Amino acid sequence: MNDTLFTVLCQRKLTDSVYEMKLSGDTSHITRPGQFVNLRLDGLYLRRPISVCDLEGETLTLIYKVVGRGTSQMSRLTAGETVQVLTGLGNGYDAALSGPRPLLIGGGVGVPPLYLLAKRLVAEGKAVRVVLGFNTAAEVFYEDRFRDLGCEVAVTTADGSYGIPGFVTAAIGGDYTHVYTCGPEPMLKAVYRAVKTGGSFSFEKRMGCGFGACMGCSCKTITGWKRICREGPVLQKEEILWED
Ligand SMILES: Cc1cc2nc3c(=O)[nH]c(=O)nc-3n(C[C@H](O)[C@H](O)[C@H](O)COP(=O)(O)OP(=O)(O)OC[C@H]3O[C@@H](n4cnc5c(N)ncnc54)[C@H](O)[C@@H]3O)c2cc1C
Ligand code: FES
């Protein structure tokens, strides 16, 4: 873990409410795809956690949806401004579990952490299939970016306005060796029920400290209590205990 200043390089809007931000700084503590960073924003007591989307040398890419004060402040940052960022948080995805044909499933702003994972798996020669789920055509982002990596990509929209109509589960099929997923909890639960192999599931919880000190993000698993910020956000399928 490292607490350091990053400089905003650029921002662009991917959809009405989703932004891509590139920052430059010391990324050496980010060791795995699926980890997150925690940004300190002016006037806000709690930092805001955002997944690592991509990493190239000292350039860190984040994708975030504007939902409240913190993310709205992020969207107003311009090139050259600095942000205090805690890096290297969370366990991240274990690429060694993938097998030869991994299936990556992302929903909404659960898509970003799968990008760096896909990049790593493709570089290892894996046949990567990606399912990206959104509510509607106007919310779709990064479809081409995954395709440009060499992944086979399926997009689903809940309202049927683009790609395969329905939820991500409508596109789960074929022969896959491990599932990596991130998205809203109802989606994770549906994926859990639908998949036939082992899986790595990334969870979101409201966070306090973000690095294991406050216990605010604890959740019960089959193997005991885990802090989502420290022993997570990625849990293995066999340790997940759904609360209802
Ligand atoms: C490990 C982790 C990784 C994340 N990665 C991303 C990412 O890559 N891109 C992205 O857009 N978002 C991501 N999030 C969610 C992001 O942290 C929240 O949307 C953000 O903190 C909201 O801050 P805010 O001040 O704008 O909103 P607030 O004013 O704090 O809240 C606005 C609304 O968002 C809800 N909300 C806030 N934080 C969370 C949360 N952690 N989980 C669920 N609902 C929340 C609140 O209940 C409220 O309804 C991640 C969260 C975690 C825990
Ligand atoms: S947010 Fe403090 S322990 Fe996880």
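Up top is the structure these notes are about.
Quick caveat: nothing in here was measured; it's all calculated off a predicted structure. (Residues numbered from 1 in each chain as written. Chains lettered and ligands numbered in written order. Predicted model: local features only at pLDDT ≥ 70, side-chain atom pairs only at ≥ 80, totals over all residues. Heavy atoms only, no water.)

J.: Explain the overall build of the protein chain here, please?
T.: Along the backbone of the protein chain there are 4 helices and 16 strands. Taken over the C-alpha atoms alone, the protein chain extends approximately 45 × 40 × 35 Å along its principal axes. Burial status across the protein chain gives 52% buried among its 244 residues. Contacts in the protein chain between residues far apart in sequence, at least 24 positions, make up 60% of those at least 6 positions apart. Approximately 10900 Å² of the protein chain is accessible, and the part contributed by carbon and sulfur atoms is 51%. Taking the average place of the 27 positive charges on the side chains of the protein chain and the average place of its 25 negative ones, the gap between the two points comes to 4 Å. (Helix = DSSP H or I, 4+ residues; strand = E, 2+ residues; numbered from the N terminus. Buried < 20%, exposed > 50% of the residue type's maximum accessible area, 1.4 Å probe, protein only. Contact = heavy atoms within 4.5 Å. Areas by Shrake-Rupley, 256 points an atom, 1.4 Å probe, with all protein chains shown as cover. Lys, Arg positive; Asp, Glu negative; His and termini not counted. Charge placed at Lys NZ, Arg CZ, Asp CG, Glu CD.)

J.: How should the nonpolar core be read in this particular structure?
T.: One recurring pattern in soluble globular proteins is that nonpolar side chains are buried together. Counting 28 residues, the largest nonpolar core has L104, L132, F141, Y142, F146 and C151 as its most contacted members. Counting residues per element, the ones that place at least two in this core are α2 (112-123), β9 (129-134), α3 (143-149), β10 (152-157) and β12 (178-182). Here this core gets 5 residues from one element, more than from any other, and that element is α2. Filtering out sequence-adjacent residues up to four positions away, L104 remains in contact with L114, L117, A118, L121, V128, R129, V130, V131 and Y180. Formed by 26 residues, the second largest nonpolar core is a distinct cluster that contains F36, V168, Y176 and V195. (Core = buried A, V, L, I, M, F, W, Y, C linked by side-chain atoms within 4.5 Å.)

J.: Would you take a moment to explain the site of ligand 1 for this structure?
T.: Neighbouring residues of ligand 1: 18 residues in total, closest R48, P49, K65, G70 and T71. One nitrogen or oxygen atom from the side chain of R48 is found 2.6 Å from an oxygen atom belonging to ligand 1. At a separation of 3.0 Å, a nitrogen atom of ligand 1 approaches a polar side-chain atom of S51. In isolation ligand 1 has 870 Å² of accessible area, and contact with the protein removes 76% of it. Elements with a contribution of two residues or more to the shell around ligand 1: β4 (48-51), β6 (59-65) and α1 (69-75). The dominant element in the shell around ligand 1, judged by the number of residues it contributes, is β4, at 4 residues. Taken together, the residues of the shell around ligand 1 break down into 8 nonpolar, 4 polar and 6 charged. (Near = heavy atom within 4 Å. Polar contact = N/O pair within 3.5 Å; in protein donor to acceptor, adjacent residues only side chain to side chain. Nonpolar A, V, L, I, M, F, W, Y, C, P; charged D, E, K, R; others polar.)

J.: Got a minute to help me understand the state of the cysteines in this structure?
T.: Disulfide: a covalent bond connecting the sulfur atoms of a pair of cysteines. Under the criterion given, the structure shown has 0 disulfides. With no disulfide of its own, C151 has C53 as its nearest cysteine by sulfur position, at a separation of 12 Å. The class of C151 is buried, set by a relative accessible area of 6%. (Disulfide = S-S within 2.5 Å.)

J.: Sorry, what's going on with the side chain of T181 here?
T.: Tracing the backbone through its elements, the reader meets T181 in strand β12. Take T181: its relative accessible area is 0%, and that puts it in the buried class. A polar contact of 2.8 Å, which involves the side chain of T181, links it to the backbone oxygen of I105. Those residues within four positions of T181 in sequence are excluded, and the remaining contacts are Y93, I105, M187, L188, V191, S200, F201 and S202.

J.: Would you take a moment to explain the packing of aromatic side chains for this structure?
T.: Where two aromatic rings form a pair, the distance of their centres and the angle of their planes describe that pair. According to the stated counting rule, one finds 9 aromatic pairs in the structure shown. Residues F134 and F141 carry aromatic rings whose centres are separated by 5.3 Å and whose planes lie at 65 degrees to one another, so their mutual orientation is edge-to-face. Just as F134 is buried, F141 falls in that class too. Residues F141 and Y142 carry aromatic rings whose centres are separated by 6.1 Å and whose planes lie at 75 degrees to one another, so their mutual orientation is edge-to-face. Pair check on accessibility: F141 and Y142 agree, each one buried. Looking at R145, its charged tip hangs above the ring of Y142, at a distance of 4.9 Å from the centre. (Phe/Tyr/Trp six-rings, centres within 6.5 Å; stacked < 30°, edge-to-face > 60°. Lys NZ or Arg CZ within 6 Å of the ring centre and 35° of its normal.)

J.: Is there a simple way to think about empty space enclosed by the protein in this case?
T.: Which parts of space are left empty comes out when a probe the size of a water molecule is rolled across the atoms. One pass over the full model with this rule turns up 1 cavity of 30 Å³ or more. Size it by volume and the largest cavity reaches roughly 120 Å³. Here the element with the most residues in the lining of the largest cavity is strand β14 (residues 218-221); it accounts for 3 residues. Each residue belonging to the lining of the largest cavity can be placed in one class, and the counts come to 6 nonpolar, 1 polar and 5 charged. (1 Å grid on protein atoms, 1.4 Å probe; cavity = no way out; pocket = protein on both sides within 12 Å on 5 of 7 lines; lining within 4 Å. Points joined across faces, edges and corners; volume = space filled by probe spheres on them.)

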